[in-house]
Every structure is written in C-alpha cells, then in structure tokens.
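Letter by letter, the chains look like this.
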There are 2 protein chains.
Amino acid sequence: MPETIRNTAGEIMTPEFVRLSAGTTAREGLLELRASGLDSDAMYTIYVTDADDRLIGALDLKTLLFAKDDAPVESLMDANVMSVSVADDQQHAAKLVRKYDLMSLPVTDEDGLLVGAIGVNSIVDVIEEENTEDFERMAGMLPSEESYATSSAWMLAMHRIPWLVVLLLSSLLCERVIQGYQGFLLTSGALGILVVSSMPLLMDAGGDCGSQSSTMIIRAIALGELTLSMLWEVLWKEVRIGLLCGAGLGAVHFGITMLIFGATPMSAMVVALSLLLTVTIANILGCVLPMLAHAVKLDPALMAGPLISTVADVWWPPKS
Amino acid sequence: MPETIRNTAGEIMTPEFVRLSAGTTAREGLLELRASGLDSDAMYTIYVTDADDRLIGALDLKTLLFAKDDAPVESLMDANVMSVSVADDQQHAAKLVRKYDLMSLPVTDEDGLLVGAIGVNSIVDVIEEENTEDFERMAGMLPSEESYATSSAWMLAMHRIPWLVVLLLSSLLCERVIQGYQGFLLTSGALGILVVSSMPLLMDAGGDCGSQSSTMIIRAIALGELTLSMLWEVLWKEVRIGLLCGAGLGAVHFGITMLIFGATPMSAMVVALSLLLTVTIANILGCVLPMLAHAVKLDPALMAGPLISTVADVWWPPKS
C-alpha cells in the first residue's frame, strides 16, 4: 500500500557542472571555467574525465586556481572521488554528502560516464523531504510531495484513511477480544470495573512507550547508527528501559491510587504490575518491528507509533 | 520540563573564513587567499569588512577570480549579504541557508563585527539534529544529544520517564471518569459491554487521527509553511478531514460489525457516530494545540501524538 515517493539521483542531478579532460592544463582549465558561464556553486568542484567521458577524478576550484599554469589537471585531481549512479536512491546520495561533508556529488550512468552532479543545496532539500516522509509514515499517513498548505482536505484525508482503516481492523480484533470477556465483566463487579477503568491507562502507557522506542530505533536506522547485527543488544537495552519506565510508572500509579484515591493494595498492585508488563512488551515491539522491517527492506518508519500501539493493545486484554 | 538543546549560531560557527578589507584589489585578494592556507570549503564565499571590521558585503571566489586585477573588492561584492548574530538560534541559521541556497552564512557579534561563518555542511548536521529533536519530542521524550547506540538504558529511560508520568497523570483522570460510570457499567448489561468493548477502538482511532493532524501541523510549522494567521483556515481544513476520515472509518466499522459480527443496527450506529465525533475532535486538538504552542513560543513538537491521544481519551468517556 504505501507507494513510495523516492527520487533517484538521476532525477535530482543538474547538468550544470564543470568537466575537464584529463590532459587539460590548469591555465586552460581556468579559461574553460570562465567561458562556461556557469553559476558559482557549480564551480567549486571540478570533475575530470578520460577520453571516453568516464569520471576519473575531481579537484576543487582552489587547487586549480593556485596550481602552476601548465600542470595537467590529471596531476592535480583526487582520483579517489565518490560518485553515485543515476538509478541510486536520492537518500543514498544524501547520506554520502552528509557523511563526507561534500559540496557536490558526481552522477554517472550505467556505463560509468559522467552525466551530472548534485550540489549540497539540493541535498539539503532532499534531507528535509526524506524527514517529512518519515514523519508522515510514522504517523500512519501515505507520504505526499505536496505541502500541507497547498493540499486540499480531500487529498489529505485520502492520504490518511488507508492506514486508519488498517489500524481500525486491528482495533476490531481488540474489540472482539474484550467482548469475549463479557461474561467475566458482567459478573465480576468491582474487579470488572478495575479492569475496564485501567484499560485506557494501560493502553496509553503501552502506546506511548512503544512510540518512544520505535521512534528512537527508526531514527537511529535512518541516520545509519543502527545495523541489524545490533538486534540483540538493542532488544536487551529496550527490555531494561521498559523495566525502568514500567517500574517508574507503576510506582507513581501505585502511590497515587493508594494514597489519594484510596484503592486497595491488591487492585493498585495489579494495575502497577500490568503497567510494568505492558510497557516492557510495548518496548520490545517498538524495537523489534522496525528492525525486522529494515531486515526485509521495508521502510522501518512504517513500524511506528500507531501500529505499535494497536498491536500492544491487542496483546493487552488477555493479560488482565 | 523539556530542557532545550539549542545551540546558538556562535556555538556552531567556525573562525575559518576569508575576510578582505573593502579597499583590497582582486589581485591582492587572490594573493591573500593563497597565503591564508584555509580549507577549500571556507573559500567559496569571501566576506568584505570596513575599517571597523563590520561586515559590509560578500562575493564568491569565482567573481574574485575573473575580476580585473585592480578592481577593489568593494566594487565586486554584493552588499546585500545575509547574516546571523552569535546569539541567534542555529535553527534560524539553518532556515536561511535552506531558503536561500547559501554555501555559507556570516556571523556577527552584538556590535555588528564579523566574527565567524557557518558552512552549509555544518547546516546539514544542524538540520538532522533539529529533526532528531523533533522526532524525540513528538514521541514524548526529552531530547538528547547522544546517539541511541551510545546512550545507556538508564539514560534513555530518564529521558522517557518525565513525559510518561505526565501522560500517566492525565490517563488517571480518564480512569477516574470511567470509574464514575461504574454504576451504569455494572447495571446496563449489553449496552455496558458495547461501551467498554468499543473503548480501545475509539481511543486508538482518536489517538491515530490526532497524531496525523499534529504531525502535519508541526512539520508544516517547522518548515515555515504555516503561520498563526492561518489558524482558522487550518482548523476548518482539519474539521473537514476529520469528518471525511471519521465517516470512512465509521462506514467500515458499521459494515463489518453488521455484516460479519452480526451487531444490531443501533449499536453499530452508536459506535460509528462515536468514531466520527472522536476523530473530528482529535483532529481539532491535533491542529489547535501545536499552533497555540507556537503562538506562545513553546515548541509545537511538544503537542504531538502522545499528549493529543491522552487529551482525546479524556474527552471520550463523557460522550458515550
């Protein structure tokens, strides 16, 4: 369902860049630059190609400027130049620019011929676009290239409804589970009320903690800080976080319901323990689902708050 | 509570930049550049200062390179140069660089003296940092400058617990409200079960829609697409989106419970209408709260999914 809005490097590159042949001298190069009439930004990195137009190196304007007049650019260039292919994802290009502090990135076609370049300012736009897409996906929306202000209510609703319906279907499962307990709820009096009244609280806490975990994990994957090999380490960390947060919440809830609301120790303890369990399970789901999605090449951002909350909810009723 | 991790322009600027005095000629300027030994990136934009070291203009390396040898830089520069003050928020610097496709941004002190510059590559890092902070805040966490992988479970839990406790306290309110209905729940049989069993579904739908709206609004504010003057327009749009999404969800729920689960038309209709109302209210909260936060200079990202879900939950019980 979630159609992807992914531009390729080929779609965001510009043909505005400086290319010099390997044999050109520094002086000839500067004259070519002057004659090119190109924008300044496009001149900061100069690409060098061989006789077949294949990218063989890069140098910056300063190097060219301060070189000896008759030095061939081939002797000035850095042959170790990073490049992307036209079919590469724009996100890949953005990662390289961010990681290596590049001012521009050359783009080659299938045959390795230099066909364009992506400037750092385009990468800034790509980064914001990708972040917007992650925000949208993580809130259970189909990503859109239109801005909020220019989108109609109808269009926005159409981007929201598909996931809402999916989430509704899983909530329906939860509804059925609770209905399965109706005999118990109708006959157990105070205990039934306890279960029912603590439901929103447990659901909220589980949803909140699951969102926290999944947000951290999705973001860390997006920034390249987490790899699949760290799954067990992350899982163990989230279990500990879950126990800490669950214990904290449980203690606060226990204290308030006992001291202020006059709950019985038994009922206060039941809810506190349910909190501990719910939060820990939500944390586990919040880290495992995005990492599994990443493993099977799905966007981890799909496994975010809304979905995790619903899954955590369905887990809830049988526990109480 | 949410302490801010906001660096100022002064904290992220570098002293590595080229400054020429107004009277310098193009040829002298190039010789100064050569002698500066600065990194290439820092040379692309050259700043011009008056006798008092006050920033009066900027020119790019290419302009200097292709100018007549004896042209004074003052005649080559663009006097309309954008700058930030040392005390300005890094986010403000990032917005200028993004909006005007700048390669670097000069930084002045309180007296207007040029003291540093921020390169576009630093801005790329700032943008990712600010986005991470928004992701964290929107999931109800205190922002952290440490990466997930290098943070201990204890530290991560400490960043999560404060908001979780705040959210727990509002959930407690919800718990009390439901307990207030216990007489009704204990005596009304099937209707009580209907109310209880549809609770998670209504809460989830409200939370999901509220998250969707607040995410769109928070993101649009962050990207500078929404201003306070658009509040009524946005509110009206969200009401329409709420009615569309609510009607869609209500119809799906009505159909499934009637046709598959054999619910009575009356009970199916009650839940469908509750869905419509819950979703619309959640959408209204999801747009109004972040915009109000923005109005009172709070970070709109605080008014995100977790808080909106809880507020929407508290609204829920009295409706049914």
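One can find the structure itself at the top, above this paragraph.
Notes on the structure in this doc start here. Note that the structure is a prediction, hence the values are computed from the model and not measured. (Residues numbered from 1 in each chain as written. Chains lettered and ligands numbered in written order. Predicted model: local features only at pLDDT ≥ 70, side-chain atom pairs only at ≥ 80, totals over all residues. Heavy atoms only, no water.)

Within the secondary structure layout, Asp-134 of chain A lies in helix H6 (residues 120–138). Separated by 168 residues in the primary sequence, Asp-134 of chain A and Leu-302 of chain A place their C-alpha atoms 8.5 Å from one another. If we skip the residues at most four places from it in the chain, Asp-134 of chain A touches Ala-222, Asp-299 and Ala-301 of chain A together with Phe-135 of chain B. (Helix = DSSP H or I, 4+ residues; strand = E, 2+ residues; numbered from the N terminus. Contact = heavy atoms within 4.5 Å.)

Time to look at the sheet that holds strand S2 (residues 45–49) of chain A. Residues and elements named next belong to chain A. With mixed pairing, three strands are arranged side by side in an open sheet as S1-S2-S3. At either end of the open sheet lies a strand with only one pairing partner, and these are strand S1 (18–21) and strand S3 (55–60). Averaged over all pairs of adjacent strands, the angle between their axes in this sheet comes to 30 degrees, without regard to strand direction. (Pairing = 2+ DSSP bridges. Axes fitted to C-alpha atoms, helices over the stretch in contact; angles between N-to-C directions.)

In this structure, Leu-33 and Leu-64 of chain A together with Leu-33 and Leu-64 of chain B are the most contacted members of the largest nonpolar core, which totals 74 residues. Sequence-distant contacts of Leu-33 of chain A, defined by excluding residues within four places in its chain, comprise Val-18, Met-43, Ile-46, Leu-61 and Leu-64 of chain A together with Phe-66 of chain B. If you look at the next biggest cluster of nonpolar residues, it comprises 26 residues, including Ile-161 of chain A together with Cys-209, Ile-221 and Ile-241 of chain B. (Core = buried A, V, L, I, M, F, W, Y, C linked by side-chain atoms within 4.5 Å. Buried < 20%, exposed > 50% of the residue type's maximum accessible area, 1.4 Å probe, protein only.)

All right, on to the pairing of S3 of chain A then. Residue and element names in this part refer to chain A. Summarising the sheet, S2 and S3 pair through five bridges and their orientation is antiparallel. Note on S3: the bridge partner recorded for Thr-49 is Leu-55. In this antiparallel pair of consecutive strands, S2 and S3, the connection spans five residues, and Asp-53 shows a positive phi of 70 degrees.

In this section: the environment of Leu-114 of chain B. All names here are of chain B. If you trace the backbone, Leu-114 turns up in strand S6 (residues 114–119). Look at Leu-114 and you get buried, because its relative accessible area is 3%. Distance from Leu-114 to Ser-83, taken between C-alpha atoms, is 9.3 Å for residues 31 residues apart in sequence.

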